[in-house]
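Secondary and tertiary structure notes
Spelled out, the chains give:
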Amino acid sequence: MRLVVLHANVVLLVFSMRALLCAGLDEPRVHSDGPAAHSHTPDSTAPASRNVVAEQRLHAAQQASVSDDWEAVARLYLEAYLRSDGTWPLKYNCLSGFASVLRERHFPINQYYTRVLQQISEESSVPPLHRVQAHFTLGFLSHLAGKETSASTFYRKALTEIREQRENIRTESVTINSRTGFQAIAVQDIFNELEQHAQENLNLLQGISRGVTASSTSDATREL
């Protein structure tokens, strides 16, 4: 059986922390290098903005990818995504990178990561593309784990979201990494590719395709 994989071209990869907190996920803490809280000397250093911290995490993810430390890459991508606000242009890029690393099976996936994806997939305040990415990745991970019923459910949710939101995102774009650097990509184009992969994998689960083997990441499609 050939399982369609979205490739992690991992170099760089709009979800508010308020949405995560409402979903029950604790906000990561940013540790200050300034005086301790009990210090008698006032700290006049302004804390780094959420997006500045996200940029730092993204840069650290780049460095970790050079040394093939994929667990660190996934963690740093996710931290960048969670810490940034909706104005940061690379927010979806980080979610896409995080999801791609998980799909490439570099390490065992922990429950925290799947719980975060589940919360993103169910959060109405995030952009539709983020929910679709979360649905597809949860379907893919369930597919790999042999949980065919769960995988089918997530693939169908991704397809439903795409078809319901297609008209609403017709003029939207996101910035993602490519072989030539960052570029703006129409959300519609990403929807189309995720729709194709979700439908193909769902067809495999339904027994429409037979007699092919699972693909490796070497012949996978580009990160979206």
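Described below are features of the structure shown in this document.

Criteria and cut-off values
- Here the residue numbering is sequential within each chain, running from 1 through the sequence in written order.
- Two thresholds apply to this predicted model, a pLDDT of at least 70 for residue-level local features and 80 or more for giving and counting side-chain atom pairs, whereas whole-chain, interface and lining totals are computed over all residues.
- By convention in this description, side-chain values take in all heavy atoms of the structure and omit both hydrogens and water.
- To qualify as a nonpolar core, a set must consist of buried Ala, Val, Leu, Ile, Met, Phe, Trp, Tyr and Cys residues joined through side-chain atoms within 4.5 Å.
- Summary of the burial criterion: residues with accessible area below 20% of their type's maximum are buried, those above 50% are exposed, and those between are partly exposed, where the area comes from a 1.4 Å probe applied to protein chains only.
- Strands here mean DSSP runs of E at least two residues long; helices mean DSSP runs of H or I at least four residues long; both are numbered from the N terminus.
- Multiplying one less than the number of residues by 1.5 Å gives the expected span of a helix.
- Here, residues are in contact when the closest pair of their heavy atoms is within 4.5 Å.
- Stacked, edge-to-face and tilted labels apply to pairs of Phe, Tyr and Trp rings (six-membered ring for Trp) whose centres lie within 6.5 Å, assigned for plane angles under 30 degrees, over 60, and everything in between, in that order.

Core analysis: the biggest nonpolar cluster contains 51 residues, and Tyr77, Phe98, Leu102, Leu117, Leu129 and Tyr155 have the highest contact counts within it. Residue assignment for this core shows that the elements contributing at least two residues are α2 (50–66), α3 (70–83), α4 (91–103), α5 (111–122), α6 (128–144), α7 (148–165), β1 (173–178) and α8 (187–205). The biggest single contributor to this core is α3, with 10 residues.

With 18 residues, α7 should reach 26 Å at 1.5 Å per residue; the first-to-last C-alpha distance of 26 Å fits that figure. Listing the buried residues of α7 in full gives Ala151, Ser152, Phe154, Tyr155, Ala158, Leu159, Glu161, Ile162 and Gln165. Close packing links the buried residues of α7 with α5, α6 and α8.

Tallying each qualifying case throughout the model produces four aromatic pairs. With a centroid separation of 5.1 Å and an interplanar angle of 85°, the aromatic rings of Phe98 and Tyr113 are classed as edge-to-face. Of the two residues, Phe98 is situated in helix α4 and Tyr113 in helix α5; the sequence distance between them amounts to 15 residues. Taken as a pair, Phe98 and Tyr113 share a single burial class, namely buried. Ring geometry for Phe136 and Tyr155: centres 5.8 Å apart, planes at 45°, overall tilted. With Phe136 in helix α6 and Tyr155 in helix α7, this pair connects stretches of sequence that are 19 residues apart. With a relative accessible area of 0%, Tyr155 lands in the buried category. An aromatic cluster is present here, built from Phe98, Tyr112 and Tyr113 joined pairwise through their rings.

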